[in-house]
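What follows is each chain in one-letter form.
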Amino acid sequence: MNPAVVAPSLLAADHGAFAQGVLAVEAAGLGWLHIDIMDGHFVPNISFGPQVVADLRPLTKLHFDVHLMLSHPDRYVAAFAKAGAERLTVHVEADHDVAKTLAAIKAAGLSAGIAMNPDADPRRLLPFLGDVDLVLCMTVFPGFGGQAFMPSVLESIRFVAAERARRGANFRLEVDGGINVETGRLCREAGADTLVAGTAFFKAADRKAFAAALTA
Ligand code: DX5
Ligand code: ZN
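This structure is a prediction, so every number in the text was calculated from the model and none was measured.

Chemist: Even after reading the chapter, I still don't get the overall build of the protein chain, so can you show me in this structure?
Modeler: Regarding its fold elements, the protein chain presents eight helices and eight strands. The C-alpha atoms of the protein chain give a radius of gyration of 16 Å, which matches the 17 Å a tight globule of 216 residues would have. Projecting the C-alpha coordinates of the protein chain onto the three principal axes gives extents of approximately 40 × 35 × 30 Å. By residue count, 55% of the 216 residues in the protein chain fall in the buried class. Carbon and sulfur atoms make up 53% of the accessible area of the protein chain, which totals about 9,300 Å². Side chains of the protein chain give 19 positive and 23 negative charges; the mean places of these two sets differ by 4 Å.

Right, here's the structure in full:
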């Protein structure tokens, strides 16, 4: 069993003051930062690019968990590796050779993750589960923070968790979208161990208590 991790999403921080967002995550006693990269093509929104990641890198030791919502993630592996990402997650639905991209991420010395949208058949992930350090089950359609959690994804989380147990594998199982104390508990009961929280984290009156409640 992997220890539970809370990864606040920088997308929900003030985009005019990312450094303060990073400090807020550190102040809450957390070790991971989830960084959402959107290209306005794979998803209908644009966030920010490798320069932001590179400029934040010297400010913190937080583990940079970078979620690439890009149509061609393979074209940006080198740029995000250079920017200081420690983990790169790519979508199974994107336009690339998934196995090749995962291999490129690992060859760059980073942890590799595979993500699926809420409506994807989790069996699509099966060919890649031997090659990943993390599986991300999106609990909203990617593109925007602040959306409502989709309980239908719990079944996919259970499927991936069962497959992980069957293989004796230990990749992380991450959820992302609409995560709060209540939905986070449902995901953990289903087998998730890595909880991305954007809105709920940055809006929490007591962020430390919020993170503690998510991992309780
Ligand atoms: C959605 C992003 C998420 C998002 C989560 O496209 O991948 O990481 O920031 O935000 P909340 O927690 O607000 O749903
Ligand atoms: Zn994300």
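Chemist: Just checking my understanding: could you explain the pattern of salt bridges for this structure?
Modeler: Oppositely charged side chains may form a pair once their charged atoms are brought near each other. The final tally for this structure, using the stated rule, is six salt bridges. A salt bridge links Glu-163 to Arg-166, with the shortest nitrogen-to-oxygen separation between them at 2.8 Å. Residue Glu-163 and its partner Arg-166 are both found in helix H5 (residues 153–167); the two are separated by three residues, about one turn of the helix. On the basis of relative accessible area, Glu-163 is assigned to the buried category, the value being 10%. Looking at Arg-166, the relative accessible area reads 62%, which means it is exposed. For the salt bridge of Arg-172 with Asp-193, the shortest nitrogen-to-oxygen distance reads 3.4 Å. Of this pair, Arg-172 sits in strand S7 (residues 172–176) while Asp-193 sits in the loop between helix H6 (181–190) and strand S8 (194–197), placing them 21 residues apart in sequence. One exposure class covers both Arg-172 and Asp-193, and it is buried.

Chemist: Any chance you could explain the layout of surface pockets here in plain terms?
Modeler: The rolling of a water-molecule-sized probe over the atoms marks out the regions of remaining empty space. Counted as a void, the largest pocket has a volume near 300 Å³. What lines the largest pocket is a set of 26 residues, among which Gly-145, Gly-146, Gly-177, Gly-178 and Gly-198 lie closest to the centre. Elements supplying a minimum of two residues to the lining of the largest pocket: strand S2 (32–38), strand S3 (63–69), S8 and helix H7 (199–203). Here the lining of the largest pocket is composed, by residue class, of 13 nonpolar, 11 polar and two charged.

Chemist: Quick question: what am I supposed to make of the pairing of strand S6 (residues 134–138) here?
Modeler: Two faces make up the sheet, and in a regular strand the side chains alternate between them. For S6, a buried count of five out of five residues is recorded, marking the element as mostly surrounded by other parts of the structure. A two-sided burial pattern is seen for S6, the buried positions comprising Leu-134, Leu-136 and Met-138 on one face and Val-135 and Cys-137 on the other. Pairing of strand S5 (residues 111–116) with S6 involves four bridges; the strand directions are parallel. Of the residues in S6, the one forming a bridge with Ile-114 is Val-135. In this structure, S6 lies alongside S7, joined through five bridges in parallel fashion. What sits directly across from Leu-136, in S7, is Glu-174. As a crossover connection, the stretch from S6 through H5 into S7 is right-handed.

Chemist: When you look at the sheet that holds S7 in this model, what are you seeing that I'm missing?
Modeler: Sheets are built from strands paired through backbone hydrogen bonds, the pairs being either parallel or antiparallel. As summarised here, the arrangement of the eight strands in space is S1-S8-S7-S6-S5-S4-S3-S2, forming an open sheet in which the pairing is parallel. The open sheet has two free edges, formed respectively by strand S1 (5–8) and S2, since each of these has just one partner strand. Across the sheet, the mean angle from the axis of one strand to that of its neighbour is 25°, orientation sign disregarded. In terms of strand pairing, S1 meets S8 through four bridges, oriented parallel.

Chemist: How do you make sense of the environment of Ala-4 when you look at a structure like this?
Modeler: Relative to the helices and strands, Ala-4 resides in the segment before S1. Aside from chain neighbours lying at most four places away, what touches Ala-4 is Arg-188, Asp-193 and Thr-215.

Chemist: Got a minute to help me understand the coordination of the zinc ion (ligand 2) in this structure?
Modeler: For a metal with four donors in a tetrahedral arrangement, the ideal angle between donors is 109.5 degrees, while six donors in an octahedron ideally sit at 90 or 180 degrees. Protein coordination at the zinc ion (ligand 2) comes from His-34 (NE2), Asp-36 (OD), His-67 (ND1) and Asp-176 (OD), with a distance range of 2.0 to 2.2 Å. Around the zinc ion (ligand 2) sit six donor atoms, and with donor-metal-donor angles ranging over 64 to 165° the site reads as irregular. Read from N- to C-terminus, the donor residues coordinating the zinc ion (ligand 2) fall into the pattern H-x1-D-x30-H-x108-D. One end of the pair, His-67, is in strand S3; the other, Asp-176, is in strand S7, and 109 residues separate them in sequence. Look at His-67 and you get buried, because its relative accessible area is 0%.

Definitions and limits used
Residues numbered from 1 in each chain as written. Chains lettered and ligands numbered in written order. Predicted model: local features only at pLDDT ≥ 70, side-chain atom pairs only at ≥ 80, totals over all residues. Heavy atoms only, no water. Helix = DSSP H or I, 4+ residues; strand = E, 2+ residues; numbered from the N terminus. Rg over C-alpha atoms; globule rule 2.2 N^0.38 Å. Buried < 20%, exposed > 50% of the residue type's maximum accessible area, 1.4 Å probe, protein only. Areas by Shrake-Rupley, 256 points an atom, 1.4 Å probe, with all protein chains shown as cover. Lys, Arg positive; Asp, Glu negative; His and termini not counted. Charge placed at Lys NZ, Arg CZ, Asp CG, Glu CD. Salt bridge = Lys/Arg side-chain N within 4 Å of Asp/Glu carboxyl O. 1 Å grid on protein atoms, 1.4 Å probe; cavity = no way out; pocket = protein on both sides within 12 Å on 5 of 7 lines; lining within 4 Å. Points joined across faces, edges and corners; volume = space filled by probe spheres on them. Nonpolar A, V, L, I, M, F, W, Y, C, P; charged D, E, K, R; others polar. Pairing = 2+ DSSP bridges. Right-handed = clockwise from strand over helix to strand, strands pointing away. Axes fitted to C-alpha atoms, helices over the stretch in contact; angles between N-to-C directions. Contact = heavy atoms within 4.5 Å. Donors = N, O, S within 2.8 Å, 3.2 Å for Na, K, Ca; no water. Tetrahedral: all angles 85-135°; square planar, octahedral: opposite > 155°, others 65-115°.

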